[in-house]
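Remarks on the overall topology
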Amino acid sequence: MARDQARHVSIDSHIHIGRDVFFSSHKIEYYPCMKTAQSVGEIIKILNTFNVEKAVVIPFPSPRMANEEDEFWYHYENDLTLCACEEYKNRLYPALAFHPYDKRNIEFLIRMIKEGKVIGLKFHPRAIQIPYEALISNPVLEIASEYDIPIILHIGSGREEEFRRRGMDISLRSALYVSEAHRDNIFIFTHLGRLHRCLEDALRADNVYVDTSALTLKGIWNGFVAIDAWAEIVDLSPREIIEFLVDLGFQDKLLWGSDMPFCLSYEAELSYVLDANIDERSKRRILYENARKIFGI
Ligand SMILES: [Zn+2]
(Lines give C-alpha, C1' and ligand atoms only; values in the text may rest on other atoms or scores of the structure.)
Protein backbone atom coordinates (compact mmCIF):
# COMPACT_ATOMS: atom_id res chain seq x y z
CA MET A 1 0.00 0.00 0.00
CA ALA A 2 2.89 2.42 0.66
CA ARG A 3 3.41 3.28 -3.01
CA ASP A 4 -0.27 4.08 -3.59
CA GLN A 5 -0.46 6.00 -0.34
CA ALA A 6 2.26 8.36 -1.53
CA ARG A 7 0.52 8.85 -4.86
CA HIS A 8 -2.93 9.57 -3.45
CA VAL A 9 -3.63 12.58 -1.28
CA SER A 10 -6.87 12.12 0.63
CA ILE A 11 -9.61 13.98 2.45
CA ASP A 12 -11.00 12.14 5.47
CA SER A 13 -14.75 12.85 5.44
CA HIS A 14 -15.40 11.43 8.90
CA ILE A 15 -13.07 11.58 11.91
CA HIS A 16 -13.98 12.19 15.56
CA ILE A 17 -12.67 14.62 18.15
CA GLY A 18 -13.31 14.90 21.91
CA ARG A 19 -14.44 12.16 24.25
CA ASP A 20 -17.34 9.96 25.18
CA VAL A 21 -18.73 12.03 28.04
CA PHE A 22 -20.82 9.18 29.45
CA PHE A 23 -18.08 6.60 29.55
CA SER A 24 -17.60 6.93 33.31
CA SER A 25 -21.22 5.87 33.89
CA HIS A 26 -21.33 2.87 31.57
CA LYS A 27 -19.18 0.49 29.63
CA ILE A 28 -19.79 -0.15 25.95
CA GLU A 29 -17.68 -2.84 24.39
CA TYR A 30 -18.95 -3.54 20.92
CA TYR A 31 -15.48 -4.39 19.68
CA PRO A 32 -12.01 -4.51 21.25
CA CYS A 33 -10.22 -1.62 19.51
CA MET A 34 -12.81 1.01 20.47
CA LYS A 35 -11.36 4.14 22.12
CA THR A 36 -13.23 6.71 24.16
CA ALA A 37 -11.32 9.90 23.33
CA GLN A 38 -9.26 11.49 20.56
CA SER A 39 -7.41 14.81 20.74
CA VAL A 40 -6.67 17.30 17.98
CA GLY A 41 -2.96 16.46 18.33
CA GLU A 42 -3.69 12.78 17.69
CA ILE A 43 -5.76 13.68 14.61
CA ILE A 44 -3.02 15.84 13.09
CA LYS A 45 -0.44 13.12 13.69
CA ILE A 46 -2.62 10.56 11.89
CA LEU A 47 -3.27 12.88 8.93
CA ASN A 48 0.45 13.59 8.57
CA THR A 49 1.34 9.90 8.73
CA PHE A 50 -1.11 8.86 6.01
CA ASN A 51 -0.82 11.76 3.56
CA VAL A 52 -4.30 13.06 4.36
CA GLU A 53 -4.58 16.72 3.40
CA LYS A 54 -7.84 17.66 5.11
CA ALA A 55 -10.43 16.15 7.43
CA VAL A 56 -14.06 16.72 8.33
CA VAL A 57 -14.06 16.66 12.13
CA ILE A 58 -17.13 15.48 14.05
CA PRO A 59 -17.70 15.50 17.83
CA PHE A 60 -17.63 12.14 19.61
CA PRO A 61 -21.14 10.72 19.75
CA SER A 62 -21.87 10.02 23.39
CA PRO A 63 -24.59 7.40 23.54
CA ARG A 64 -27.07 8.09 26.30
CA MET A 65 -27.79 5.24 28.63
CA ALA A 66 -30.27 4.85 31.47
CA ASN A 67 -28.27 6.88 33.97
CA GLU A 68 -28.46 10.51 35.03
CA GLU A 69 -26.63 11.90 32.05
CA ASP A 70 -26.59 15.38 30.69
CA GLU A 71 -28.36 14.97 27.39
CA PHE A 72 -26.87 18.23 26.14
CA TRP A 73 -23.26 16.97 25.95
CA TYR A 74 -22.99 18.24 22.39
CA HIS A 75 -22.97 21.93 23.40
CA TYR A 76 -19.51 21.59 24.92
CA GLU A 77 -18.32 19.08 22.31
CA ASN A 78 -19.38 21.40 19.46
CA ASP A 79 -17.38 24.26 21.01
CA LEU A 80 -14.34 22.01 21.33
CA THR A 81 -14.65 20.92 17.69
CA LEU A 82 -14.87 24.53 16.51
CA CYS A 83 -11.78 25.49 18.56
CA ALA A 84 -9.71 22.62 17.13
CA CYS A 85 -10.71 23.51 13.55
CA GLU A 86 -9.92 27.17 14.17
CA GLU A 87 -6.44 26.14 15.34
CA TYR A 88 -5.89 24.12 12.13
CA LYS A 89 -7.68 26.25 9.55
CA ASN A 90 -7.57 24.88 5.98
CA ARG A 91 -6.79 21.43 7.41
CA LEU A 92 -9.64 20.58 9.78
CA TYR A 93 -13.27 21.46 9.06
CA PRO A 94 -16.13 21.15 11.58
CA ALA A 95 -19.32 19.12 11.14
CA LEU A 96 -21.26 19.86 14.33
CA ALA A 97 -23.69 17.73 16.33
CA PHE A 98 -27.35 18.53 15.65
CA HIS A 99 -30.20 18.02 18.12
CA PRO A 100 -33.50 18.84 16.37
CA TYR A 101 -35.45 19.48 19.60
CA ASP A 102 -32.94 21.68 21.42
CA LYS A 103 -33.65 25.37 20.80
CA ARG A 104 -30.19 26.47 21.92
CA ASN A 105 -28.52 24.01 19.55
CA ILE A 106 -30.79 25.04 16.67
CA GLU A 107 -30.06 28.75 17.14
CA PHE A 108 -26.35 28.05 17.48
CA LEU A 109 -26.17 25.95 14.30
CA ILE A 110 -28.13 28.49 12.26
CA ARG A 111 -25.72 31.20 13.41
CA MET A 112 -22.67 29.05 12.61
CA ILE A 113 -24.01 28.27 9.12
CA LYS A 114 -24.73 31.93 8.37
CA GLU A 115 -21.28 32.95 9.62
CA GLY A 116 -19.62 30.30 7.43
CA LYS A 117 -18.08 28.52 10.42
CA VAL A 118 -19.42 25.02 9.79
CA ILE A 119 -19.24 22.76 6.73
CA GLY A 120 -21.60 19.97 7.81
CA LEU A 121 -24.09 18.91 10.48
CA LYS A 122 -24.11 15.50 12.10
CA PHE A 123 -27.28 13.82 13.28
CA HIS A 124 -26.81 10.74 15.42
CA PRO A 125 -30.16 9.14 16.29
CA ARG A 126 -28.72 6.50 18.60
CA ALA A 127 -26.62 8.93 20.63
CA ILE A 128 -29.43 11.39 21.30
CA GLN A 129 -32.19 8.75 21.08
CA ILE A 130 -34.31 10.67 18.61
CA PRO A 131 -35.47 9.21 15.27
CA TYR A 132 -34.56 10.59 11.83
CA GLU A 133 -38.15 11.76 11.28
CA ALA A 134 -37.53 14.51 13.85
CA LEU A 135 -35.56 16.30 11.12
CA ILE A 136 -38.58 16.72 8.89
CA SER A 137 -39.60 20.39 8.74
CA ASN A 138 -36.83 21.40 11.17
CA PRO A 139 -35.75 25.06 10.54
CA VAL A 140 -32.07 24.06 10.43
CA LEU A 141 -32.64 22.04 7.24
CA GLU A 142 -33.94 25.04 5.35
CA ILE A 143 -30.85 27.11 6.26
CA ALA A 144 -28.56 24.16 5.52
CA SER A 145 -30.12 23.85 2.08
CA GLU A 146 -29.77 27.57 1.41
CA TYR A 147 -26.03 27.45 2.29
CA ASP A 148 -25.34 24.00 0.74
CA ILE A 149 -24.37 22.46 4.07
CA PRO A 150 -24.67 18.66 3.98
CA ILE A 151 -26.51 16.78 6.74
CA ILE A 152 -24.51 13.75 7.81
CA LEU A 153 -26.78 10.98 9.09
CA HIS A 154 -25.34 8.26 11.27
CA ILE A 155 -26.73 4.99 9.97
CA GLY A 156 -27.09 2.64 12.88
CA SER A 157 -26.92 -1.03 13.52
CA GLY A 158 -26.08 -3.42 16.30
CA ARG A 159 -29.09 -2.50 18.43
CA GLU A 160 -31.73 -2.20 15.69
CA GLU A 161 -34.15 -4.65 17.33
CA GLU A 162 -33.94 -2.95 20.71
CA PHE A 163 -34.60 0.43 19.11
CA ARG A 164 -37.39 -0.95 16.94
CA ARG A 165 -39.18 -2.18 20.05
CA ARG A 166 -39.03 1.38 21.35
CA GLY A 167 -40.55 2.68 18.12
CA MET A 168 -37.31 3.95 16.56
CA ASP A 169 -36.04 2.82 13.17
CA ILE A 170 -32.30 3.62 13.02
CA SER A 171 -31.78 1.89 9.66
CA LEU A 172 -30.95 3.38 6.27
CA ARG A 173 -34.56 2.94 5.13
CA SER A 174 -35.76 5.51 7.64
CA ALA A 175 -32.92 7.94 6.73
CA LEU A 176 -33.91 7.57 3.07
CA TYR A 177 -37.45 8.60 3.92
CA VAL A 178 -36.12 11.89 5.38
CA SER A 179 -33.91 12.56 2.34
CA GLU A 180 -36.93 12.03 0.08
CA ALA A 181 -38.92 14.55 2.12
CA HIS A 182 -36.09 17.12 1.80
CA ARG A 183 -34.87 16.95 -1.77
CA ASP A 184 -33.26 20.40 -1.57
CA ASN A 185 -30.86 19.20 1.14
CA ILE A 186 -27.70 17.19 0.60
CA PHE A 187 -27.42 14.12 2.84
CA ILE A 188 -24.44 11.93 3.58
CA PHE A 189 -25.31 8.48 4.92
CA THR A 190 -22.45 7.10 7.01
CA HIS A 191 -20.89 3.64 7.25
CA LEU A 192 -22.01 2.64 3.75
CA GLY A 193 -25.52 2.52 5.16
CA ARG A 194 -24.42 -0.60 7.10
CA LEU A 195 -24.87 -2.43 3.79
CA HIS A 196 -28.65 -2.15 4.12
CA ARG A 197 -30.71 -3.64 1.29
CA CYS A 198 -31.88 -0.10 0.34
CA LEU A 199 -28.28 1.16 -0.11
CA GLU A 200 -28.56 1.03 -3.89
CA ASP A 201 -31.74 3.19 -3.76
CA ALA A 202 -29.84 5.69 -1.59
CA LEU A 203 -26.91 5.79 -4.03
CA ARG A 204 -29.31 6.45 -6.90
CA ALA A 205 -30.93 9.41 -5.12
CA ASP A 206 -29.69 12.77 -6.47
CA ASN A 207 -29.31 14.35 -3.02
CA VAL A 208 -27.69 11.43 -1.18
CA TYR A 209 -23.99 10.54 -0.85
CA VAL A 210 -22.57 7.71 1.21
CA ASP A 211 -19.40 7.59 3.27
CA THR A 212 -17.35 4.43 3.73
CA SER A 213 -16.37 5.08 7.35
CA ALA A 214 -15.63 2.15 9.67
CA LEU A 215 -16.15 -0.43 6.94
CA THR A 216 -13.27 -2.40 8.49
CA LEU A 217 -15.51 -3.20 11.46
CA LYS A 218 -17.42 -5.55 9.16
CA GLY A 219 -14.75 -8.19 9.74
CA ILE A 220 -14.66 -7.98 13.54
CA TRP A 221 -18.13 -6.96 14.72
CA ASN A 222 -21.24 -8.82 13.53
CA GLY A 223 -23.45 -5.91 14.55
CA PHE A 224 -21.89 -3.71 11.84
CA VAL A 225 -24.10 -5.16 9.11
CA ALA A 226 -27.78 -4.19 9.05
CA ILE A 227 -30.33 -6.90 9.82
CA ASP A 228 -31.95 -6.26 6.41
CA ALA A 229 -28.67 -6.49 4.50
CA TRP A 230 -28.07 -6.17 0.74
CA ALA A 231 -27.58 -9.85 -0.13
CA GLU A 232 -25.24 -9.24 -3.06
CA ILE A 233 -22.60 -7.43 -1.03
CA VAL A 234 -22.98 -8.72 2.49
CA ASP A 235 -20.38 -11.49 2.08
CA LEU A 236 -17.82 -9.39 0.18
CA SER A 237 -14.67 -7.98 1.78
CA PRO A 238 -14.47 -4.16 2.19
CA ARG A 239 -12.19 -3.96 -0.88
CA GLU A 240 -14.60 -6.08 -2.96
CA ILE A 241 -17.54 -3.92 -1.84
CA ILE A 242 -15.78 -0.80 -3.20
CA GLU A 243 -15.02 -2.60 -6.48
CA PHE A 244 -18.66 -3.77 -6.75
CA LEU A 245 -20.05 -0.27 -6.17
CA VAL A 246 -17.64 1.32 -8.68
CA ASP A 247 -18.66 -1.39 -11.19
CA LEU A 248 -22.23 -0.15 -10.75
CA GLY A 249 -21.03 3.39 -11.52
CA PHE A 250 -21.26 4.90 -8.02
CA GLN A 251 -17.72 6.37 -7.90
CA ASP A 252 -19.14 9.92 -7.71
CA LYS A 253 -21.41 9.04 -4.77
CA LEU A 254 -18.84 7.59 -2.36
CA LEU A 255 -16.79 9.54 0.18
CA TRP A 256 -13.87 7.94 1.93
CA GLY A 257 -13.94 8.42 5.70
CA SER A 258 -12.14 6.61 8.50
CA ASP A 259 -14.46 7.07 11.53
CA MET A 260 -11.24 7.00 13.58
CA PRO A 261 -11.10 5.98 16.44
CA PHE A 262 -14.14 3.75 15.75
CA CYS A 263 -12.43 1.54 13.18
CA LEU A 264 -10.01 -1.35 13.03
CA SER A 265 -7.08 0.89 12.04
CA TYR A 266 -6.50 3.96 9.90
CA GLU A 267 -4.27 2.04 7.53
CA ALA A 268 -6.89 -0.68 7.06
CA GLU A 269 -9.59 1.92 6.32
CA LEU A 270 -7.41 3.45 3.61
CA SER A 271 -6.34 0.09 2.17
CA TYR A 272 -9.72 -1.04 0.91
CA VAL A 273 -9.80 1.93 -1.47
CA LEU A 274 -6.07 2.14 -2.28
CA ASP A 275 -5.81 -1.60 -2.97
CA ALA A 276 -9.11 -1.84 -4.84
CA ASN A 277 -8.98 -3.00 -8.43
CA ILE A 278 -10.62 0.16 -9.81
CA ASP A 279 -9.35 2.88 -12.14
CA GLU A 280 -7.18 5.69 -10.76
CA ARG A 281 -9.80 8.33 -11.52
CA SER A 282 -12.39 6.56 -9.37
CA LYS A 283 -9.89 6.26 -6.52
CA ARG A 284 -9.19 9.98 -6.71
CA ARG A 285 -12.93 10.71 -6.67
CA ILE A 286 -13.61 8.54 -3.62
CA LEU A 287 -10.52 9.61 -1.68
CA TYR A 288 -10.54 13.31 -2.51
CA GLU A 289 -12.64 14.95 -5.22
CA ASN A 290 -16.12 14.02 -4.01
CA ALA A 291 -15.45 15.37 -0.51
CA ARG A 292 -13.84 18.52 -1.87
CA LYS A 293 -16.89 19.20 -3.99
CA ILE A 294 -19.63 18.26 -1.53
CA PHE A 295 -18.13 20.01 1.50
CA GLY A 296 -16.70 22.88 -0.54
CA ILE A 297 -13.25 22.47 1.03
ZN1 LIG B 1 -18.59 8.29 13.34
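Check the entry above for the structure.
Residues numbered from 1 in each chain as written. Predicted model: local features only at pLDDT ≥ 70, side-chain atom pairs only at ≥ 80, totals over all residues.

**Re the overall build of the chain**
Secondary structure summary: the chain contains 12 helices and nine strands in total. Relative to the 2.2 N^0.38 estimate, which gives 19 Å for 297 residues, the radius of gyration of the chain is 18 Å and therefore close to what a compact globule would have. For the chain, the C-alpha atoms occupy an extent of roughly 45 × 45 × 40 Å along the three principal directions. Looking at the chain as a whole, 47% of its 297 residues are labelled buried. (Helix = DSSP H or I, 4+ residues; strand = E, 2+ residues; numbered from the N terminus. Rg over C-alpha atoms; globule rule 2.2 N^0.38 Å. Buried ≥ 20, exposed ≤ 12 C-beta atoms within 10 Å, placed from the backbone.)

**Topic: helix H8 (residues 172-181)**
Within the span of H8, buried status applies to Leu172, Ala175, Leu176, Val178 and Ser179. End-on view of H8: buried residues confined to an arc of 160°, all on one side of the axis. (Arc of directions from axis to C-beta.)

**With respect to the nonpolar core**
Core analysis: the largest hydrophobic core is formed by 82 residues, its most contacted members being Ala55, Val57, Leu121, Leu153, Phe189 and Val273. Broken down by element, the residue count for this core peaks at six residues, all from helix H12 (residues 280-295). With near-sequence residues (within four places) excluded, Phe189 lies in contact with Leu153, Ile155, Leu172, Ala175, Ala202, Val208 and Val210. (Core = buried A, V, L, I, M, F, W, Y, C linked by C-beta atoms within 7 Å. Contact = placed C-beta atoms within 7 Å.)

**Focus on the pairing of strand E4 (residues 92-97)**
Counted residue by residue, E4 has six buried out of six residues, so it is predominantly covered. Examined bridge by bridge, strand E3 (residues 52-59) and E4 share three bridges and lie parallel to one another. Counterpart to Val57 in the pairing with E4 is Pro94. (Pairing = 2+ DSSP bridges.)

**Quick notes on unusual backbone geometry**
Here the residue pair Met260 and Pro261 is connected by a cis peptide bond, since its omega of 10° sits within 30 degrees of zero. Structurally, Pro261 can be placed in the loop between strand E9 (254-255) and helix H11 (266-274). For Asn51, which is not glycine, the phi dihedral falls at a positive 60°. With respect to the element layout, Asn51 can be found in the loop between helix H2 (40-49) and E3. In this structure Asn51 comes out as partly exposed when scored by C-beta crowding, with 15 C-beta atoms within 10 Å. At Asn90, a position not held by glycine, the phi torsion is positive, near 65°. By the element assignment, Asn90 lies in the loop between helix H3 (73-87) and E4. Judged by the 9 C-beta atoms lying within 10 Å of it, Asn90 is exposed.

**So, the sheet that holds strand E6 (residues 151-153)**
A sheet is described by the order of its strands in space; here nine strands give the open sequence E2-E1-E3-E4-E5-E6-E7-E8-E9, paired in mixed fashion. Of all the strands in the sheet, the pair left with one neighbour each is strand E2 (37-38) and E9. Bridging between strand E1 (residues 10-19) and E2 involves two bridges; their strand directions are antiparallel. When the sheet's bridge partners are listed, Arg19 is paired in E2 with Ala37. Contacts between H12 and the sheet are confined to E1, E3, E4, strand E5 (120-123), strand E8 (208-211) and E9, with E1 contributing the most and set at about 70° to the helix. (Axes fitted to C-alpha atoms, helices over the stretch in contact; angles between N-to-C directions.)

**Quick notes on the environment of Arg292**
Residue placement: Arg292 occurs in helix H12. What makes Arg292 partly exposed here is the crowd of 14 C-beta atoms within 10 Å. Setting aside residues no more than four positions away along its own chain, Arg292 makes contact with Ile11 and Ile297.

**Describing the packing of helix H4 (residues 103-114) against helix H6 (residues 139-146)**
The geometry of H4 relative to H6 is characterised by a closest axis approach of 10 Å and an angle of 10° between their N-to-C directions. Comparing the axis directions of H4 and H6 gives the class roughly parallel. Taking contact as the criterion, the partners of Ile106, Leu109, Ile110 and Ile113 in H4 are, on H6, Pro139, Val140, Ile143 and Ala144. (Parallel < 35°, antiparallel > 145°, perpendicular 65-115°, else oblique.)

**Examining the pairing of E1**
Counting buried positions along E1 gives nine out of 10 residues, so the element sits mostly inside the fold. Summarising the sheet, E1 and E3 pair through six bridges and their orientation is parallel. Directly across from Ser10, in E3, lies its bridge partner Val52.

**Re the environment of Arg197**
Relative to the helices and strands, Arg197 is located in the loop between strand E7 (187-189) and helix H9 (199-204). A count of 19 C-beta atoms within 10 Å places Arg197 in the partly exposed class.

**Focus: the environment of Leu109**
Following the sequence through the fold, Leu109 ends up in helix H4. For Leu109, a count of 25 C-beta atoms within 10 Å corresponds to the buried category. The sequence separation of Leu109 and Ile11 amounts to 98 residues, and the corresponding C-alpha distance is 24 Å. Setting aside anything within four residues of it in sequence, one finds Leu109 in contact with Leu96, Phe98, Leu121 and Val140.

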